[in-house]
Amino acid sequence: MKKNKLRFWILVSIVAISGFSQGMLLPLIAVIFEKSGVSPSLNGLNATALYIGILLVSPFMEMPLRKYGYKPVIIYGGGLVIISLALFPIWETFWFWFTLRLLIGIGDHSLHFATQTWITSSSPADKRGRNISLYGLFFGIGFASGPLMTPLVNVNESLPFIVSSILCFIGWIFVFMLKNERPEQEVGINSFLSTIKQFKKALKYGWVAFLPPFSYGFLESSLNGSFPVYALRKDIDVSSVSMVLSAFAIGSIITQLPLGILSDKYGRRNILITILFLGFFSFTAAIFFENSFIGLFVVFLISGMIVGSTFSLGISYMTDLVPKSLLPTGNLLCGIFFSLGSLSGPIIGGLFIKFIDNVSFFYIISTMLLALSIIVFTFGKKTYLVLEQQNS
């Protein structure tokens, strides 16, 4: 029992450090590129490298995890992140940094995929929501504290990268203390084709559970990528925008654990329907308060408290819907759907702002959350046991 607890806290600590490095890179590189005269569109393109890396590596992740176990995949992912962070100061060019961010996407996804699967497969059903919410909480705290490194760029441009790589290295060392384990297996995943078959099976059982991670990716990237543009066009100053976005991050941290515990008690589906529906109301309220800083701050804080846990709740909901042997595949698909949401958020948000005048940006988010709450309510009842009985 003590070993399991130690393993859990080591895993969530690594995730926090990974979140820290991700949270640091977004504003830090944006500031450095802006000072160097890189255009906003190219700046945004560079930021997508992380998600492109996640999507590129996803189909090839399950085979090594099943073959070698959790520990080697975490060590590989963490090592790739550390080396990439340490290489940033060597050469400041657009495509070199794009490549490094792509490699960080691959490393981070390897690390998150293995830690998520290890936590979900080893957690008892009555504590699964709590454990995954703690995973989300630690990542959120790390991600929210990452931007605090940005001012160090005024001391020395290389300093934030060096500090971040050292922190990742310290967390990485603790992984070597863990005893390796392998996920429960039904069949050998020894080819790309067999991985695709696993994807199809996991989608059949748990497709509804992959929508909350998609929505969170869409939400996070559109709020961080498109909302600032919309706000500046509404004459809201930059400092107010950053404070409003911080309110959303703080809100998601406050309720991450309580919502996870509630999902253990009242069911993942019930909590997801509730928060998605309340999220629809909170972002609809943002339409009426978008010209008031205090109004927006309060609405974003409440919105973060409501929908800031959709990713972690989606993961724990997925574990309720799919067989245990498909948990690695399910966790992979959660990451893929999150990345698809993260990539589509700024694109759809940017097109909306460009082509649709006199209509609030928040309509996109509130409509999406309403649609998702209806989908989960309508299609989210069946577990894999029910589906198997129907098909037999």
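Everything discussed here concerns the structure shown above.
Residues numbered from 1 in each chain as written. Predicted model: local features only at pLDDT ≥ 70, side-chain atom pairs only at ≥ 80, totals over all residues. Heavy atoms only, no water.

Q: For this particular structure, what's the right way to read the pattern of salt bridges?
A: Two side chains of opposite charge can pair, provided their charged atoms sit close to one another. Evaluated as defined, the whole model comprises 4 salt bridges. The closest approach of N and O atoms between glutamate 181 and arginine 7, which form a salt bridge, is 2.9 Å. Of the two residues, glutamate 181 is situated in the loop between helix H8 (159-175) and helix H9 (192-206) and arginine 7 in helix H1 (residues 2-36); the sequence distance between them amounts to 174 residues. Classification of glutamate 181 as partly exposed rests on a relative accessible area of 33%. Salt-bridge contacts for arginine 268 lead to aspartate 264; the nearest nitrogen and oxygen are separated by 2.6 Å. (Salt bridge = Lys/Arg side-chain N within 4 Å of Asp/Glu carboxyl O. Helix = DSSP H or I, 4+ residues; strand = E, 2+ residues; numbered from the N terminus. Buried < 20%, exposed > 50% of the residue type's maximum accessible area, 1.4 Å probe, protein only.)

Q: Honestly, the packing of aromatic side chains in this entry has me stumped. Any pointers?
A: The relative placement of two aromatic rings is captured by the distance of their centres and the angle of their planes. By the definition in use, this model includes 27 aromatic pairs. Between the aromatic rings of phenylalanine 94 and phenylalanine 98, the centroid separation amounts to 6.4 Å while the plane-to-plane angle is 25°, which identifies the pairing as stacked. One end of the pair, phenylalanine 94, and the other, phenylalanine 98, are both in helix H6 (residues 94-122), 4 residues apart, so they sit about a helical turn from each other. Of the two residues examined, phenylalanine 94 and phenylalanine 98, each falls in the buried class. Between the aromatic rings of tryptophan 95 and phenylalanine 98, the centroid separation amounts to 5.2 Å while the plane-to-plane angle is 65°, which identifies the pairing as edge-to-face. Here tryptophan 95 and its partner phenylalanine 98 are both found in helix H6, 3 residues apart, which amounts to about one turn of the helix. Overall, tryptophan 95 belongs to the exposed group, its relative accessible area being 54%. Linked through ring pairs, Phe248, Phe283, Phe300, Phe361 and Phe362 together constitute an aromatic cluster. (Phe/Tyr/Trp six-rings, centres within 6.5 Å; stacked < 30°, edge-to-face > 60°.)

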